Amino acid sequence: LAGERGIKGFYAGWWPGLAGKIPSYALTWTFFQQLKLAQLRVCNRPPKDIENSIMGCMASATTVCIMIPMDTIKTRLVTQMRYPDLVPYKGVIDCGARILKEEGIGAFYRGLTPRLVSVVPMIGIQFGVYEFAKKAMLARAGAAEPEIMRRLRLSREHRLEEVVMEVAADDDQPFPAPLFHQGEDGDKEEGG
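Residues numbered from 1 in each chain as written. Predicted model: local features only at pLDDT ≥ 70, side-chain atom pairs only at ≥ 80, totals over all residues. Heavy atoms only, no water.

Peer 1: I tried to follow the overall build of the protein on my own but got confused; where do I start?
Peer 2: A tally of helices and strands in the protein yields six helices and zero strands. For the protein, the succession of helices and strands along the chain, N to C, is α-α-α-α-α-α. Taking all 192 residues of the protein together, 23% fall into the buried category. Partitioning the contacts of the protein with sequence separation of at least 6, the portion at a separation of at least 24 is 56%. (Helix = DSSP H or I, 4+ residues; strand = E, 2+ residues; numbered from the N terminus. Buried < 20%, exposed > 50% of the residue type's maximum accessible area, 1.4 Å probe, protein only. Contact = heavy atoms within 4.5 Å.)

Below, the structure is given as structure tokens:
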């Protein structure tokens, strides 16, 4: 390979590979997060471990169905050297256009079933393990992290309540908002 194509030969298909992997991972994570939000709205509780795995499978299956044409193009570009009798593809666009013209749209989805069988269980397990490990690490960190988050949430809610009270107050009958004009340490801020 190095003798025939030089150092570039080792990186054949690198760009198509990146062009397929980056959006694929982004889509999978986006779909997974959206499925988690939908599950939370429907069930009113965090997902169980098996549900995380199922949602990971659903997210990856959707992504595979969307990204399989790019994967087909990548595979063709990387393996074209094995077929010296065929006219080589000039790049991603040429490859896609020729596959569509010469073989039809079905050629992009020819490998869908094996791809789904190989990818979906793996990603489902990955998301199930990831969410399980995340919960375990947060629990192991102890109650300090949740307590910090609780205080932050209560602090934001309290400040929002004070702002609403100040906005709702009129000049004739102001509502008391005793902490609104106090700093973090309880001292009065200037102008308050």
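Resuming the write-up.
Peer 1: Honestly, the environment of P23 in this entry has me stumped. Any pointers?
Peer 2: Relative to the helices and strands, P23 is located in helix α2 (residues 14-43). Distance from P23 to T63, taken between C-alpha atoms, is 9.1 Å for residues 40 residues apart in sequence. Non-local contacts of P23, meaning those with residues more than four positions away in its chain, are made with L18 and M67.

Peer 1: What exactly am I supposed to notice about the packing of helix α3 (residues 49-79) against helix α4 (residues 92-103) here?
Peer 2: The description of two helices packed together rests on the angle between their axes and the distance between the axes. At a minimum axis separation of 10 Å, α3 and α4 run at an interaxial angle of 105°. One element, α3, and the other, α4, form an angle in the roughly perpendicular class. Two secondary-structure elements touch here, α3 through M70, T72, I73, R76 and L77 and α4 through V92, C95, G96, I99 and E103. Its residues assigned to classes, the contact of α3 with α4 comprises six nonpolar, two polar and two charged. (Axes fitted to C-alpha atoms, helices over the stretch in contact; angles between N-to-C directions. Parallel < 35°, antiparallel > 145°, perpendicular 65-115°, else oblique. Nonpolar A, V, L, I, M, F, W, Y, C, P; charged D, E, K, R; others polar.)

Peer 1: Teacher, can you tell me more about α4 here?
Peer 2: Side chains that are three or four residues apart share a direction in an α-helix, a result of its 3.6 residues per turn. If you check α4, its first and last C-alpha atoms are 16 Å apart, about what 12 residues at 1.5 Å a residue would give, namely 16 Å. Taken together, the buried residues of α4 touch α3. A positive backbone phi angle near 90° is found at G104, which sits one or two residues after α4. (Expected span 1.5 Å × (residues − 1).)

Peer 1: For this particular structure, what's the right way to read the packing of aromatic side chains?
Peer 2: What characterises a pair of aromatic rings is the spacing of the ring centres plus the angle enclosed by the ring planes. Taken as a whole, this structure holds four aromatic pairs when the rule is applied. With a centroid separation of 6.5 Å and an interplanar angle of 85°, the aromatic rings of W29 and F32 are classed as edge-to-face. Within this pair, W29 and its partner F32 are both found in helix α2, separated by three residues, close to a single helical turn. Between the aromatic rings of W29 and Y130, the centroid separation amounts to 5.2 Å while the plane-to-plane angle is 90°, which identifies the pairing as edge-to-face. One end of the pair, W29, is in helix α2; the other, Y130, is in helix α5 (residues 112-140), and 101 residues separate them in sequence. A relative accessible area of 37% places Y130 in the partly exposed class. One aromatic cluster is present, built from ring pairs that chain together W29, F32, F127 and Y130. (Phe/Tyr/Trp six-rings, centres within 6.5 Å; stacked < 30°, edge-to-face > 60°.)

Peer 1: Would you mind going over the confidence of the model for the protein with me for this structure?
Peer 2: Any region with low pLDDT has predicted coordinates that should not be read closely. Here the protein averages 79 in pLDDT, while 71% of its residues score no lower than 70. Within the protein, the lowest mean pLDDT, 58, falls on helix α6 (residues 144-168), and the highest, 93, falls on α4. Ignoring residues within four places in sequence, the model shows residues 174-192, a span with pLDDT below 50, making 24 contacts including any to other chains. (pLDDT = per-residue confidence, 0-100.)

Peer 1: In this structure, what is going on with the side chain of E51? I would like to understand it.
Peer 2: With respect to the element layout, E51 can be found in helix α3. Of the residues examined, E51 reaches a relative accessible area of 19% and is grouped as buried. In terms of polar contacts, E51 uses its side chain to reach the side chain of R45, at 2.8 Å. Every residue in contact with E51, bar those within four places of it in the chain, is listed here: Q39, R45 and P46. (Polar contact = N/O pair within 3.5 Å; in protein donor to acceptor, adjacent residues only side chain to side chain.)

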